[in-house]
Amino acid sequence: MIPSPQTDKDFPWWLLAVAGLGLFAFWQVLADDQYRQVLTTLQRGVWITIFVTIVAFFTAASVGLGLAMASQSRSMILRQCARFYVEVIRGIPILVLLLYVAFVLAPALVAGWNWVAGQIGLDPIRTRDFSLLWRAILALSIAYSAFLAEVFRAGLQSVDKGQIEAAEALGLNRRQRFRHIVFPQAFRVILPPLGNDFVAMVKDSSLVSVLGVLDITQLGKVTAAGNFRYFETYNVVALIYLTMTITLSLGLRQLEKSLRKGQVDR
């Protein structure tokens, strides 16, 4: 089916419906003492969720871009190593990877550091000095880097080879071609799936609660276990996540429209 050119001109009735439900939910929260108490408790977890999401996503994006460039390298070894990493990491469920990094990889990294530290005269560290928060961020970064590598690879491959050859003929070196020709054009292709993965990261950050990291979900579980108000507690948890994800989605959609408009104006 060919998408209608009028799609972007549709009145956002869905947004109106969501806004109405959201306002009703917020009114319930503000008017009810039990809801307010739950919201006050969960506010601390919002900042942890935001911190985990931003740090893990930008780390994953940096690694993913490096993997995508390695997959396009002239070196067969780099291409094969990048493909090996992507296929292996994508095949492991995020929850399993989270537990593996927290309880297998992190102690191994600490042991490796202590061996190096012993050789150069530095003090060793203990496994518990590697906080669960940073173990969770490391796990999410590893998991998402594999997915983002494929997003970047598809974007890089979408750039017409003729433009790259023209830039090479003009004397631009490899770095200049990537910076001025390849990446600006690839970014328009990359942005929608990249934004989608960022929204997904906000939701998947809730998995860090299995390690006891005090994000929104973990504080929700603790609160519900203490007051037995499961209905009220998880309503607030869902409302917070929904507010964050819809706000992000609207912002990313507006950015896409701005980029498309700028492209048409040129």
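Residues numbered from 1 in each chain as written. Predicted model: local features only at pLDDT ≥ 70, side-chain atom pairs only at ≥ 80, totals over all residues. Heavy atoms only, no water.

1. Overview of the pattern of salt bridges
Side-chain pairs of opposite charge can arise whenever the charged atoms involved come near each other. Let me state the cut-off plainly: Any carboxyl oxygen of Asp or Glu within 4 Å of a side-chain nitrogen of Lys or Arg constitutes a salt bridge here. Numbering of helices and strands runs from the N terminus; a helix is a DSSP stretch of H or I covering at least four residues, while a strand is a stretch of E covering at least two. The rule is simple: take the accessible area with a 1.4 Å probe, protein chains only, and divide by the maximum for that residue type; under 20% is buried, over 50% is exposed, in between is partly exposed.
Taken as a whole and judged by the stated rule, the model has 6 salt bridges. A salt bridge links aspartate 33 to arginine 36, with the shortest nitrogen-to-oxygen separation between them at 2.1 Å. Here aspartate 33 pairs with arginine 36, and both are found in helix H2 (residues 33-71), just 3 residues apart, close to one helical turn. On the accessibility criterion, aspartate 33 (47% relative accessible area) is partly exposed. On the accessibility criterion, arginine 36 (34% relative accessible area) is partly exposed. Ionic pairing is found between glutamate 150 and arginine 83, a salt bridge with its closest N-O pair at 3.3 Å. Here the residue glutamate 150 occupies a position in helix H5 (residues 132-157), and arginine 83 occupies one in helix H3 (residues 76-90), the gap between them amounting to 67 residues. On the basis of relative accessible area, glutamate 150 is assigned to the buried category, the value being 15%. Each of Arg83, Glu87, Arg90, Glu150 and Arg153 takes part in a single network of salt bridges with overlapping partners.

2. A short note on unusual backbone geometry
Non-glycine residue phenylalanine 228 carries a positive phi angle of around 60°. As for its placement among the helices and strands, phenylalanine 228 is situated in the loop between helix H8 (216-227) and helix H9 (230-265).

3. Comments concerning a nonpolar patch on the surface
Our working definition: The residues that make up patches have over 30% relative accessible area and no salt bridge, and they are joined within 9 Å when like-charged or within 5 Å when they are Val, Leu, Ile, Met, Phe, Trp or Tyr. Only the protein chains shown count as cover for residues, with accessible areas throughout obtained via the Shrake-Rupley method and a probe of 1.4 Å.
Together, Leu95, Leu99, Tyr100, Phe103, Val104, Leu132 and Val210 make up a nonpolar patch on the protein surface, roughly 610 Å² of accessible area in all. Looking at the nonpolar patch, the element that brings in the most residues is helix H4 (residues 94-120), giving 5 residues. Within the secondary structure layout, valine 210 lies in the loop between helix H7 (174-204) and H8.

4. A short note on the packing of H4 against H5
The condition is simple: Inter-axis angles, ranging from 0 to 180 degrees, are taken between N-to-C directions of lines fitted to C-alpha atoms, where helices are fitted over the stretch in contact. Oblique is the label for any angle not covered by the other classes, which are roughly parallel (under 35 degrees), roughly antiparallel (over 145) and roughly perpendicular (65 to 115). A crossing counts as left-handed when the near helix is turned anticlockwise from the far one by less than a right angle, and as right-handed when that turn is clockwise. Contacts are residue-level and defined by heavy atoms, with any inter-residue pair within 4.5 Å sufficient. Side-chain classes follow a simple rule in which Ala, Val, Leu, Ile, Met, Phe, Trp, Tyr, Cys and Pro form the nonpolar group, Asp, Glu, Lys and Arg form the charged group, and the remainder, Gly included, forms the polar group.
For the pair H4 and H5, interaxial distance at closest approach is 9 Å and the crossing angle is 120°. With respect to H5, the axis of H4 lies oblique. Taken as a pair, H4 and H5 cross one another with a handedness that is right-handed. Two secondary-structure elements touch here, H4 through Ile94, Leu97, Leu98, Val101, Ala102, Leu105, Ala106 and Leu109 and H5 through Arg135, Ala136, Leu138, Ala139, Leu140, Ile142, Ala143 and Tyr144. The class makeup of the residues in the contact of H4 with H5 is 15 nonpolar, no polar and 1 charged.

5. Let's talk about helix H6 (residues 161-169)
Keep this limit in mind: Polar contact is defined as a pair of N or O atoms within 3.5 Å, subject to the rule that within protein one atom must be able to donate a hydrogen and the other to accept it, and that residues adjacent in sequence are counted only when both atoms are side-chain atoms.
Its side-chain oxygen placed 2.9 Å from the backbone nitrogen of glycine 162, aspartate 160 serves as the N-cap of H6. Just downstream of H6, glycine 171 is the residue with a positive phi angle, here 95°.

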